[in-house]
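# Coordinates in review
Each chain, written out:
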Amino acid sequence: KCDAYMGMQDVVKKWTVFCPLVGELRDPAMRSRHWTQLIDLCKKSIVVSPDILLRDMWNLELHKFSEAVEDTADQAKQES
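Residues numbered from 1 in each chain as written. Predicted model: local features only at pLDDT ≥ 70, side-chain atom pairs only at ≥ 80, totals over all residues. Heavy atoms only, no water.

We now examine the environment of Ser 80. Position of Ser 80 among the secondary structure elements: in the segment after helix H4 (66-79). Within the local environment of Ser 80, its side chain forms a polar contact with the backbone oxygen of Lys 77, the two atoms lying 2.9 Å apart. (Helix = DSSP H or I, 4+ residues; strand = E, 2+ residues; numbered from the N terminus. Polar contact = N/O pair within 3.5 Å; in protein donor to acceptor, adjacent residues only side chain to side chain.)

Encoded structure:
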């Protein structure tokens, strides 16, 4: 298989993990402390606001931490 195909296959796999995580994180129960946990976990620096861009969320590489992201989102829902 060519490099372009393999590269695209990798991106698609990441997106299939990423998209449901975005849905979880859009929950109104997510508070700043939950976002801080995720930012610390990902070791990235972003400003979280209602205007956050999908690109910024992608740059957090949430797909690498999907289980922890789901746990944090679940925690937020249980606290609300």
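Now that the structure has been shown, the text picks up again.
Let us now look at the side chain of His 34. With respect to the element layout, His 34 can be found in helix H2 (residues 32-42). On the basis of relative accessible area, His 34 is assigned to the buried category, the value being 1%. For His 34, the residues in contact, after removing those within four places along its chain, are Ala 29, Thr 72, Gln 75, Ala 76 and Glu 79. (Buried < 20%, exposed > 50% of the residue type's maximum accessible area, 1.4 Å probe, protein only. Contact = heavy atoms within 4.5 Å.)

On the surface, Val 11, Trp 15 and Leu 54 cluster together to form a nonpolar patch covering roughly 230 Å² of accessible area. Examined against the element boundaries, Leu 54 turns out to sit in helix H3 (residues 54-59). (Patch = residues over 30% accessible without salt bridge, like charges linked within 9 Å, V, L, I, M, F, W, Y side chains within 5 Å. Areas by Shrake-Rupley, 256 points an atom, 1.4 Å probe, with all protein chains shown as cover. Salt bridge = Lys/Arg side-chain N within 4 Å of Asp/Glu carboxyl O.)

Taken residue by residue, H2 has His 34, Trp 35, Leu 38, Ile 39 and Cys 42 as its buried positions. One face of H2 carries all of its buried residues, which in axial projection span an arc of 135°. Packed against the buried residues of H2 are helix H1 (3-25), H3 and H4. (Arc of directions from axis to C-beta.)

Let's shift gears to a negative patch on the surface. Among the surface-exposed residues, Glu 67, Glu 70, Asp 71 and Asp 74 lie close enough to one another that they form a single negatively charged patch. Tracing the backbone shows Glu 70 in helix H4. When its relative accessible area of 38% is taken as the criterion, Glu 70 is described as partly exposed. (Lys, Arg positive; Asp, Glu negative; His and termini not counted. Charge placed at Lys NZ, Arg CZ, Asp CG, Glu CD.)

It is at 9 Å that the axes of H1 and H4 come closest, and there the two elements cross at 15°. When the axes of H1 and H4 are compared, the pair comes out roughly parallel. With respect to the hand of their crossing, H1 and H4 are arranged in left-handed fashion. Across the interface between the two elements, Val 17, Leu 21, Glu 24 and Leu 25 from H1 touch Ser 66, Val 69, Glu 70, Ala 73, Asp 74 and Lys 77 from H4. Partitioning the contact of H1 with H4 into residue classes produces five nonpolar, one polar and four charged. (Axes fitted to C-alpha atoms, helices over the stretch in contact; angles between N-to-C directions. Parallel < 35°, antiparallel > 145°, perpendicular 65-115°, else oblique. Left-handed = near helix turned anticlockwise from the far one by under 90°. Nonpolar A, V, L, I, M, F, W, Y, C, P; charged D, E, K, R; others polar.)

From the geometry alone we can't say anything about function, so treat these as descriptive.
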